[in-house]
Amino acid sequence: AQKITQTQPGMFVQEKEAVTLDCTYDTSDQSYGLFWYKQPSSGEMIFLIYQGSYDEQNATEGRYSLNFQKARKSANLVISASQLGDSAMYFCAMREGRGNTGKLIFGQGTTLQVKP
Amino acid sequence: GAVVSQHPSWVICKSGTSVKIECRSLDFQATTMFWYRQFPKQSLMLMATSNEGSKATYEQGVEKDKFLINHASLTLSTLTVTSAHPEDSSFYICSARDSDRASYEQYFGPGTRLTVT
């Protein structure tokens, strides 16, 4: 069964507007972490934001915020004030369990295009 | 921040030959590294978890004898694609966790693009 689901293969947003990228997950662990990465056409994976399962506050990093709804098992990424440089593929990922050895499972990705 | 390098960044090899890809953590020690492969416009698929000083743990469906992983030191893991075929052409990415920090973050290398002709 798919553990991380991103249902939006592609999204468009107008420059300077906000956009929400959806991510739902499935786990029976109580302790887990949720990540968002950006992958531009160069291929590098750029870490954007992290949310721990026990974190009560939604994570924020600059223009990025994570809308964490634990009961619904969703971890949507909100990008405010979109910029042309935000055009890239975005991946949601989950790490189950505690410790430093937990592997990441990635969603299918969402391609975001920012229009001028 | 922590830096992970990969070498080479791209490689073209003939079918039937082997190719080795290196993943190095430059300014931290990594007991555990991970190898992923990614086809164009698709997700990253975890291939294996590389553990320093012990055998790698492979994901279901990944051929251990074809994708040889060696994690000989705390800063270096290598992935060798043996007897490569065109279907092995892909983007291979490694990542590493900092062993000395109780951090959630995983640092990714820039990737290696393999083309098998």
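Use the structure listed above.
Below: a short report on this structure. A quick note: this is a predicted structure, and the numbers were derived from the prediction, not measured. Residues take numbers from 1 onward in each chain, read along the sequence in its written order. Think of it this way: whatever chain is written first is A, whatever ligand is written first is 1, and the rest follow in order. Only residues with pLDDT of 70 or above have their local features reported here, since the model is predicted, and side-chain atom pairs are shown and tallied only from 80 upward, although totals for entire chains, interfaces and linings are computed over all residues. Side-chain calculation: all heavy atoms of the structure are included, whereas hydrogens and water are not.

1. Digging into the pattern of salt bridges
A pair is scored as a salt bridge if a Lys or Arg side-chain nitrogen falls within 4 Å of a carboxyl oxygen belonging to Asp or Glu. Following the criterion strictly, the structure yields 5 salt bridges over all chains and no others. For lysine 103 of chain A, the salt bridge identified is with glutamate 59 of chain B, shortest N-O distance 3.0 Å. One end of the pair, lysine 103 of chain A, is in the loop between strand S10 (88–96) and strand S11 (104–106); the other, glutamate 59 of chain B, is in the loop between strand S6 (57–58) and strand S7 (67–73), on a second chain. Whether a residue is buried, partly exposed or exposed follows from its accessible area with a 1.4 Å probe, protein chains only, as a fraction of its type maximum: under 20%, in between, or over 50%, in that order. Owing to a relative accessible area of 34%, lysine 103 of chain A belongs among the partly exposed residues under this scheme. The helix count covers DSSP runs of H or I at least four residues long, the strand count covers runs of E at least two residues long, and both are numbered beginning at the N terminus.

2. Re the interface of chain B and chain A
Whether two residues touch is decided by their heavy atoms; if any such pair falls within 4.5 Å, the residues are in contact. Across the contact, 23 residues belong to chain B and 21 residues belong to chain A. Taking both partners together, chain B and chain A bury about 1,700 Å²; carbon and sulfur atoms supply 55% of that area. For the interface between chain B and chain A, the tally reads 1 salt bridge. N or O atoms within 3.5 Å of each other form a polar contact, as long as, within protein, one can give a hydrogen and the other can take it, and as long as residues adjacent in sequence are counted only when both atoms are side-chain atoms. At the junction of chain B and chain A, the tally comes to 4 residue pairs in polar contact (both at pLDDT 80 or more). Of all the secondary-structure elements, those providing two or more residues to the side of chain B that touches chain A are strand S4 (32–38), strand S5 (44–51) and strand S9 (90–96) of chain B. Here the quantity called buried area is the accessible surface, traced with a 1.4 Å probe, that two parts lose on coming together, added over both.

3. Digging into the nonpolar core
Side-chain atoms within 4.5 Å are what join buried Ala, Val, Leu, Ile, Met, Phe, Trp, Tyr and Cys residues into a set we call a nonpolar core. Within the largest apolar cluster, 26 residues are counted, with the highest numbers of intra-cluster contacts made by Phe67 and Leu114 of chain B. Of all the secondary structure elements, the ones that give two or more residues to this core are strand S2 (10–13), strand S3 (19–25), S4, S5, S7, strand S8 (76–81), S9 and strand S11 (112–116) of chain B. In this structure leucine 114 of chain B touches Val11, Cys13, Val19, Val81, Asp88, Ser89, Ser90 and Tyr92 of chain B, once residues within four positions along its chain are discounted. Counting 24 residues, the second largest nonpolar core, distinct from the first, contains Leu21, Tyr25, Trp36 and Leu112 of chain A.

4. A word on the sheet that holds S7 of chain B
All names here are of chain B. Taken in spatial order, the 4 strands make up an open sheet running S1-S3-S8-S7, and their pairing is antiparallel. What marks the edges here is a single partner per strand, and that holds for strand S1 (4–7) and S7. Within the sheet, the average angular offset between the axes of one strand and its neighbour, ignoring direction, is 15 degrees. Relative to S3, S1 is paired through 4 bridges, and the arrangement is antiparallel. Bridging across to S3, histidine 7 finds its partner in glutamate 22. Note on pairing: DSSP must find at least two bridges between two strands before they are called paired. All axes here are fitted lines through C-alpha atoms, helices being fitted over the stretch that makes contact, and every angle between N-to-C directions spans 0 to 180 degrees.

5. Comments concerning the environment of alanine 72 of chain B
Tracing the backbone shows alanine 72 of chain B in strand S7. Sequence separation between alanine 72 of chain B and phenylalanine 28 of chain B is 44 residues; the distance between their C-alpha atoms is 15 Å.

6. Quick look at unusual backbone geometry
Looking along the chain, the bond that leaves histidine 7 of chain B and enters proline 8 of chain B is cis, with omega of 0 degrees. Tracing the backbone through its elements, the reader meets proline 8 of chain B in the loop between S1 and S2. The phi torsion at lysine 16 of chain A lies on the positive side, around 80 degrees, for a residue other than glycine. Checked against the element boundaries, lysine 16 of chain A lands in the loop between strand S2 (10–14) and strand S3 (19–21).

7. Concerning the state of the cysteines
To count as a disulfide, a pair of cysteine sulfur atoms needs to be within 2.5 Å. Evaluated as defined, the whole model comprises 2 disulfides over all chains. What pairs with cysteine 23 of chain A in a disulfide is cysteine 92 of chain A, and their sulfur atoms sit 2.0 Å apart. Handedness here is read from the sign of the S-S torsion; for cysteine 23 of chain A and cysteine 92 of chain A, about -65 degrees, the answer is left-handed. Of this pair, cysteine 23 of chain A sits in the loop between S3 and strand S4 (24–25) while cysteine 92 of chain A is found in strand S10, placing the two residues 69 residues apart along the sequence. In this structure, cysteine 23 of chain A and cysteine 92 of chain A share a single accessibility class: buried. A sulfur-sulfur separation of 2.0 Å characterises the disulfide bridge that pairs cysteine 23 of chain B with cysteine 94 of chain B. Between cysteine 23 of chain B and cysteine 94 of chain B, the S-S torsion sits near 80 degrees, and that sign places the bridge as right-handed. In this pair, cysteine 23 of chain B is assigned in strand S3 and cysteine 94 of chain B in strand S9, connecting sequence segments 71 residues apart. Taken individually, cysteine 23 of chain B and cysteine 94 of chain B each receive the classification buried, so the pair is uniform in this respect. The thiol of cysteine 13 of chain B is unpaired, and the distance to the nearest cysteine sulfur, on cysteine 94 of chain B, comes to 18 Å. Since its relative accessible area comes to 10%, cysteine 13 of chain B is described here as buried.

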